[in-house]
Amino acid sequence: MTTTTERAFGASVARKEDARFITGQGRFTDNLTQPGMVHMAVVRSPLAHARIKGIDTSAATEMPGVVGVFTGQEMADAGFGGIPCAWVVPDSDTVTPPHPPIAIDTVRYVGDAVAMVVADTDANARDAAYAVDVDYDVLPVVVDVRKAMDPDAPQLHEEAPNNQCFHWVVDGGDVEAAFASADVVVKETITNQRLIPNAMEARVALARWDDAMGELTLWVTSQNPHIVRFLLSLDTPVPEHKIRVIAPDVGGGFGSKLAHYPEDTMVIFASQQVGRPVKWAETRSENYLATTHGRDHIAEVEMAATKEGKILGLRAKTWASMGAYLSTASTGIATILHGLILSGSYDIGAIHEDVYGTFTNTTPTDAYRGAGRPEAIFMVERMVDLVARELDMDPVEVRRRNLIEPFDDGHEVATGLVYDSGNYVGALDKALDMFGYEDARKAQAKAREEGRLVGIGVVTYTEICGLGPSEVAGAVGFGGGLWDSAIVRFHPTGKVTLLVGVSPHGQGEETTFAQIISDQLGVSVEDVDVVYGDTAKTPMGWGTYGSRTTAVGSGAIMGAVSQIKDKGVKIAAHMLEAAEEDIEFSDGVFSVKGSRADGKTIQDIALAANTAWDLPEGVDPGLEASSFFNPGNFVYPFGTHIAQMEVDPETGEIDFQRYVAVDDCGPVINPMIVEGQVQGGVAQGAAQALWEGAVYDDDGNLVTGSMMSYAIPKAEFLPNFELGKTETPTNVNPLGVKGVGETGTIASTPTVYNAVMDALAPLGVQQVDMPLTPERVWTAIQEAQKGGQ
Amino acid sequence: MNVSMTVNNTSYERDVEPRTLLVDFLRDDLGLTGTNIGCDTSQCGACTVHIDGAAVKSCTVLAAQADGASITTIEGLSINGELHPMQRAFTEKHGLQCGFCTPGMIMTAVKLVESYPEPTEEQIRHGLEGNLCRCTGYQNIVQAVDEGARLTEAHSPFESTPAEHQITLREAERRAWERSRT
């Protein structure tokens, strides 16, 4: 805990938010009730592609407790429109087919809504949902992201010939020349398999329509309530100023609660129809079908290099599944958030990628922790390892020869991005030291002599986050801004309420933002209340995703802090009968230089400002400041991760032995919280490499449709991670901070994968599709041994 | 049907549908929403409570099966406002982020350290196999359980029937089954 002598900034302050969670007082949406509340259940398609011939709701209407059964046509008739996609990538031919909240004539994935039932209890609503009789004409199905573009593939949307959603290109430098002059070219087909986010809290939406006032309140499990309100003003008949969206405590998101979902509008429609508050609580089985998935990305990648290991160029042709419809941000993920970061941490002179977005009969995809960047960094980091293997060089040495030199004021890469600051070699050296890399390689050589398959994987990543400059958001087709906001409000007693437009849901900003205020204004962390997640309380802001909360949100806080300090100086000068330029402020005290003991505390100033009995001329009452911050650039965290894995040649099982992560997210506000973010991120990324993967059968059934068949890591699966950091500030925001929410996930998938492939290298294996299940690894070993005989 | 049970030292009697799960009974009938529902296949463990001294996923038990039982939920873990040592350990070691799995995690951990008062890391990780967390990567949860074990004295004042701690889950299930027959 902090003391008066310790700065709050940089201290591992225990979290303010914990008290309610450890005592069972969390305010999760499903814990909320409203007087007269009824429950909605959704009738979902059991078929991946079919025409709806008829919907018979008569039996369901007669079921106990049912107060209404509604179809998509009825929603459309009441003025409810299609769910909008908020990101239409320019310089592409993006097609945005209609996405009715409830399918009207065609269903396009298993889980597509076809009707809703409203009843007095959740159980009665679900019972009645089974009694809705839907008559389907089955249509052919395509689930594979590449096969979707075959000429004879079944067509999902008439607006999108060949199921093509878009073709987008990133191009920088002379790629043809780079490949023509290369000594070596390595090629690989890299699959970033479809993943299911699995936030521990499934989605919930509770709508209360107040007919007399024409006002709507929606409590919803969202990462960005202001965006939800903005989009609801487009697809419901309710105008934006009559909508209040509240995201109470949200039980994890990882990108899956970024989207504005059909169920948001369905509960609103239902509440208007039945005249009562309506709640929908997703079951976990529904969550697997109806909440967005991530990744599902295949790339044919080539890397060109000299025989000294200098990388000359990267070229890729990539297919990314959008699923059956476009979700809120889906098109931006496989394009802007992916292709632009393909240079990674390296000076690569030439980069070209063609990305094809396709529609398939699967659950829509959207952001999942990292969102586009894990796919890109996996491609780069895997190809660098293949170059090392081709040249018989240590993968660390190849990286050293290509890492961008340390810089603190911008570095442009071939894709056009200008990275903010970096010291990639510094992070690499620290990680190698922590890992004991040279000794580990010697031990590995010895193990190999004994016939053991021990592997070491290294990744030196850079990512792009802290989304971002609003001008760039507009230029890349994002349908909103990416600035953020803060209000610092001093109460008469000197206590502070900080209202922010971002919307954390587990990341801990209730504490770290209070630490910023404490550090800057000299009030204790306990005296600062951080308010977020309610559009009626907080200023407009763009929410929490893309590791933007601290990188952008803190900029707004600092703007408000600066105004508070300026006003404090004016009032203190008046109270102390001194000139403003003679007033200094430190540790919460305004004083004439050299006579701190006679100074006025910020609490004194807050009381004087709020009572306004004797303010200087021209100074308004109150001590409150509002600020908006539009960053001038993204931020670019980086680091080096190293893993050691051992494969059992008899069974293909993988022993996860060591993991070292050195991350640089700039100055750290709360080391405990940052380490927690890295640990969780590494676990999720490692899980992609080793365990997780969504599987559809050819008919479009989700085979991995529950926690019984989809392998979320358990405590036993993972080792303790060894964490280190370097601190390279950014000049993009006043505190120099970068984001850290996604670094672990972005870095760990290729780190773990490279380690396993390194273990299998003596057998000649260089590619196994993720997840690296024992069965797949064992099969690869068998085939390699057959080939070797 | 009519069920009665003691929850957090308070006696309750309610009329419920026979199909009512214990977790829904706790949340919807008693308003004890600290016990969360994270899945519908009994994998996630978010709904773990103590039934007659054993940690049990309350989605695997019908309210009717718990008739006559003594139940502790996360709301009943602290006594007179004083946190259970395991609750303190979770916040001190940053063993939670979004907080959704936390009540179930803590209820499991309390029983885990009763079985293993000085648990090894392996025992902790194995003991948590029925509880999923998506935020933390488990590292700080493992540390929290270790710390919680250290903070929990041999005879914790927080549950007054030490002998009950020793019963196995199977025994708790057997008792529930017996109760459901009478």
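The next thing to look at is unusual backbone geometry. With the exception of glycine, the majority of residues adopt a negative phi angle, and the majority of peptide bonds are in the trans configuration. Here A:Leu467 and A:Gly468 are connected by a cis peptide whose omega angle stands at -20°. Counting through the fold element by element, A:Gly468 comes out in the loop between β18 (453–462) and α15 (470–475). With an omega of -5°, the peptide bond running from A:Met770 to A:Pro771 counts as cis. By the secondary structure assignment, A:Pro771 is in the loop between α20 (743–760) and α21 (774–788). Located in the positive-phi region is B:Asn8, a residue other than glycine, with phi close to 50°. Along the chain, B:Asn8 falls in the loop between β1 (2–7) and β2 (10–15).

All names here are of chain B. On domain assignment, one finds that chain B holds domain 1 (2–76 + 159–181) and domain 2 (85–151). Contacts between the two partners involve 17 residues from domain 1, matched on the other side by twelve residues from domain 2. For the side of domain 1 that touches domain 2, the residue count by class is seven nonpolar, nine polar and one charged.

Another aspect to go through is the interface of chain B and chain A. Between chain B and chain A, the residue contacts involve 44 residues of the former and 42 residues of the latter. Put simply, the parts of the chain that give the side of chain B that touches chain A at least two residues each are α2 (85–92), α3 (102–115), α4 (121–127) and α5 (139–151) of chain B.

Residue and element names in this part refer to chain A. Examined bridge by bridge, strand β26 (residues 638–647) and strand β27 (residues 654–664) share ten bridges and lie antiparallel to one another. Bridging across to β27, Gln-644 finds its partner in Arg-658. Hairpin connection from β26 to β27: six residues lie between these consecutive antiparallel strands, with Gly-652 at a positive phi of about 80°. Relative to strand β28 (residues 722–725), β27 runs parallel, the two being bridged by four bridges. Across the sheet, the residue bridging to Val-660 is Glu-722, located in β28. Chirality of the crossover, the property in question, places the unit of β27, helix α19 (residues 671–690) and β28 among those that are right-handed.

The next point concerns the sheet that holds strand β25 (residues 623–629) of chain A. Residue and element names in this part refer to chain A. Spatially, four strands are ordered β21-β20-β19-β25 in an open sheet, and the strand pairing comes out mixed. Both outer strands of the open sheet, β21 (528–531) and β25, are each paired with one neighbouring strand and no more. Across the sheet, the mean angle separating the axes of adjacent strands is 15° when strand polarity is ignored. Pairing of strand β19 (residues 484–490) with strand β20 (residues 496–500) involves five bridges; the strand directions are antiparallel. Along β20, the bridge assignment pairs Val-488 with Leu-498.

Let us now look at the nonpolar core. Residue and element names in this part refer to chain A. With 317 residues, the main nonpolar core has Met-40, Met-116, Val-117, Leu-498 and Val-756 as its most contacted residues. Counting residues per element, this core draws most heavily on helix α11 (residues 373–391), which supplies ten residues. Apart from residues no more than four positions distant in its own chain, Met-40 is found in contact with Met-116, Val-117, Val-118, Ala-125, Met-266, Val-267, Ala-270, Val-278, Lys-279 and Trp-280.

Accessible area lost during the coming together of the parts is what is often quoted as the interface size. All names here are of chain A. According to the domain assignment, chain A contains domain 1 (18–25 + 483–629) and domain 2 (408–463 + 634–789). The straight-line distance from the C-alpha centre of domain 1 to that of domain 2 is 40 Å. Taken residue by residue, the interface counts 13 residues in domain 1 and 14 residues in domain 2. Among the secondary structure elements, those contributing two or more residues to the side of domain 1 that touches domain 2 are α16 (509–521) and α17 (549–575). Top element by residues in the side of domain 1 that touches domain 2 is α17. It accounts for five residues. When the residues that make up the side of domain 1 that touches domain 2 are grouped by side-chain class, the tally is three nonpolar, nine polar and one charged.

So, how was this worked out
- Residues numbered from 1 in each chain as written.
- Chains lettered and ligands numbered in written order.
- Predicted model: local features only at pLDDT ≥ 70, side-chain atom pairs only at ≥ 80, totals over all residues.
- Helix = DSSP H or I, 4+ residues; strand = E, 2+ residues; numbered from the N terminus.
- Domains from an automatic or database assignment.
- Contact = placed C-beta atoms within 7 Å.
- Nonpolar A, V, L, I, M, F, W, Y, C, P; charged D, E, K, R; others polar.
- Pairing = 2+ DSSP bridges.
- Right-handed = clockwise from strand over helix to strand, strands pointing away.
- Axes fitted to C-alpha atoms, helices over the stretch in contact; angles between N-to-C directions.
- Core = buried A, V, L, I, M, F, W, Y, C linked by C-beta atoms within 7 Å.
- Buried ≥ 20, exposed ≤ 12 C-beta atoms within 10 Å, placed from the backbone.

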